[in-house]
Amino acid sequence: MQVIIQPDTATAANLVARLVADTLKTKPASVIGLATGRTMEPVYERLIEFHRNDGLDFSKCRTFNLDEYAGVKADDFRSYRHTMQKLLFDHINIRPEATHLPDSMAADLNQACADYENKINAAGGVDLQLLGIGSNGHIGFNEPLSSFSSLTHVEFLTAATIRQNAGLCGGEDRVPRFALTMGVATILASRRALMLVTGAAKAELLANFIEGPVTSMITASALHWHRDCIIVADAAAAANLKNRAGYQFAFENNPAWAAYR
Ligand code: F6R
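Participant: Residue-level account of the site of the ligand, with values.
Facilitator: Around the ligand sit 14 residues, and of these Thr39, Asp67, His138, Gly140 and Lys202 come closest. At a separation of 2.8 Å, an oxygen atom of the ligand approaches a polar side-chain atom of threonine 36. Arginine 38 is positioned such that a nitrogen or oxygen atom in its backbone is 2.8 Å from an oxygen atom of the ligand. Structurally, the ligand is housed in the largest pocket.

Below, the structure written as C-alpha cells:
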C-alpha cells in the first residue's frame, strides 16, 4: 500500500484523475472500476476537463461501477446509473454499452450479482478500481463484517450508511435498504486499487484503516491484502496518520512518482 498526502481536496482529486488518465493513455482498452459518492465528484470533473481540453479518449475503455441500489430504476435520481450519466458518461466519448452497473431491477438479484461478476471476468478483470471510503469504513457497499472472500452480492445497508447517503437521496427514508455491490474479493482482484479520501470527518477512520489492524469491522482494511493499492488523501483526512512524514518522504523521493509531484 502507498499513501500519498496532498495539501487540499482539489490537488488530491487532480492526482487521482491524472492516474486514471495515464492508465487510459497506456492502455486505451482499460477496464476501469468506478465509484459514486461525493468524494469522486471532483475526480469526474477533472476527467471531463481532460477529455475536453486534452482529448483524453474513453472510446475504447469499459467501466464497471462498484454498486447500485436495489429496486431503483435507471432514471430515478437516486440511482447510481443516473448519477454516473450526469457526472461523467454524458460528457465523455464512452460507448454507452461499455458502461456497466449491477442490474438493480432484475427479478432475481442474486443471479444479477453472479452475472455482474461473470461480466467483469469476461472483460478481463478490472485494471484500475476507484474507491471511496464510507463513514463506517465500507468499500463499495461492503458493510462492517462483510466477508473478505465476498464476490458481487446483495447487501443490507447499515444505519450509518443510510445516514451518510440521506443527503444524496432526499432524506433517510428515501435511501434504499438494499444494494448490489462488488464484494471485497472482487475489489481485491483488481490489478490496481486507487482510493481517494478527503475531509477532516474521515481523519480518525483513515488512521484506523491504514495504521490499525486488518479487521472486517473496517472492510477497507482488506486493502492491505491488495498487491497494488494507492491511497490518496488530502491533508485534512490525513491529519491523524502517525507516519505522515514517512509517506511524504516516499512520494517525494521515489522516482515512480516524479511526474506527479
Ligand atoms: C459508492 C461507494 C461507496 C462510497 C463511500 C464514500 O459507489 O462505493 O463506498 O465510495 O460511501 O462516499 P462519499 O464519497 O459520499 O463519502
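Participant: I'd love a proper account of the packing of helix α1 (residues 9–26) against helix α2 (residues 41–54), names of residues and values included.
Facilitator: Remark: α1 packs on α2, axes separated minimally by 8 Å, with the N-to-C direction vectors making an angle of 50°. If you check the angle between α1 and α2, you find them oblique. For the crossing formed where α1 meets α2, the hand is right-handed. Between α1 and α2, the residues in contact are Ala13, Asn14, Val16, Ala17, Arg18, Val20 and Ala21 and Pro42, Val43, Arg46, Leu47 and Phe50, respectively. Class assignment for the residues of the contact of α1 with α2 results in nine nonpolar, one polar and two charged.

Participant: Now, about the layout of surface pockets: what can you tell me, with residues and values included?
Facilitator: A volume near 490 Å³ is recorded for the largest pocket. As for the largest pocket, its lining consists of 22 residues, and the residues nearest its centre are Gly37, Thr39, Ile133, Gln164 and Lys202. Each residue belonging to the lining of the largest pocket can be placed in one class, and the counts come to eight nonpolar, 11 polar and three charged. Reported here for the second largest pocket is a volume of approximately 180 Å³. Lining the second largest pocket are 13 residues; nearest its centre among them are Glu41, Phe77, Thr83, Lys86 and Leu168. Of all the secondary-structure elements, those providing two or more residues to the lining of the second largest pocket are α3 (80–87) and α5 (159–169).

Participant: Account for empty space enclosed by the protein, with residues named and values stated.
Facilitator: Tallied over the entire structure, the rule returns one cavity of 30 Å³ or more. Within this model, the largest cavity holds a volume of roughly 40 Å³. If you trace the largest cavity, you find it lined by Val20, Leu24, Ile32, Leu34, Leu47, Phe58, Thr63 and Leu88. Those elements giving two or more residues to the lining of the largest cavity turn out to be α1 and β2 (31–34). Split by residue class, the lining of the largest cavity holds seven nonpolar, one polar and no charged.

Participant: Can you explain α3? Please cite residues and give values.
Facilitator: Every buried residue belonging to α3 is among Tyr80, Arg81, Thr83 and Met84, and all of these are buried. Viewed end-on, α3 has its buried residues packed into an arc of 160°, placing them on one side of the element. Buried residues belonging to α3 abut β2, α2, β3 (62–65), β4 (67–69), β5 (99–100) and α5.

Participant: How would you sum up the sheet that holds strand β8 (residues 178–181)? Please name residues and give values.
Facilitator: Spatially, β4-β8-β7 is the arrangement adopted by the three strands of the open sheet, whose pairing is antiparallel. The sheet is open, and its two borders are formed by β4 and β7 (153–156), each paired with just one other strand. Neighbour-to-neighbour, the strand axes of this sheet turn through a mean angle of 30°, independent of strand direction. Of the strands in this sheet, β7 and β8 touch helix α4 (residues 109–122), which is tilted by about 125° from β7.

Participant: Tell me about the pattern of salt bridges, and please be specific about residues and values.
Facilitator: Enumeration according to the criterion identifies six salt bridges in this entry. Put simply, aspartate 22 and lysine 25 hold a salt bridge, and the shortest N to O gap is 3.8 Å. In this pair, aspartate 22 and lysine 25 both sit in helix α1, three residues apart, roughly one turn of the helix. By relative accessible area, which is 24% here, aspartate 22 ends up partly exposed. Residue classification places lysine 25 among the exposed residues on the basis of a relative accessible area of 59%. It is possible to trace a salt-bridge network through shared partners that takes in Lys27, Asp127 and Arg191.

Cut-offs applied
- Residues numbered from 1 in each chain as written.
- Predicted model: local features only at pLDDT ≥ 70, side-chain atom pairs only at ≥ 80, totals over all residues.
- Heavy atoms only, no water.
- Near = heavy atom within 4 Å.
- Polar contact = N/O pair within 3.5 Å; in protein donor to acceptor, adjacent residues only side chain to side chain.
- 1 Å grid on protein atoms, 1.4 Å probe; cavity = no way out; pocket = protein on both sides within 12 Å on 5 of 7 lines; lining within 4 Å.
- Sits in = over half its atoms within 2 Å of the grid points.
- Axes fitted to C-alpha atoms, helices over the stretch in contact; angles between N-to-C directions.
- Helix = DSSP H or I, 4+ residues; strand = E, 2+ residues; numbered from the N terminus.
- Parallel < 35°, antiparallel > 145°, perpendicular 65-115°, else oblique.
- Left-handed = near helix turned anticlockwise from the far one by under 90°.
- Contact = heavy atoms within 4.5 Å.
- Nonpolar A, V, L, I, M, F, W, Y, C, P; charged D, E, K, R; others polar.
- Points joined across faces, edges and corners; volume = space filled by probe spheres on them.
- Buried < 20%, exposed > 50% of the residue type's maximum accessible area, 1.4 Å probe, protein only.
- Arc of directions from axis to C-beta.
- Pairing = 2+ DSSP bridges.
- Salt bridge = Lys/Arg side-chain N within 4 Å of Asp/Glu carboxyl O.

Keep in mind these numbers describe shape, not what the thing actually does.
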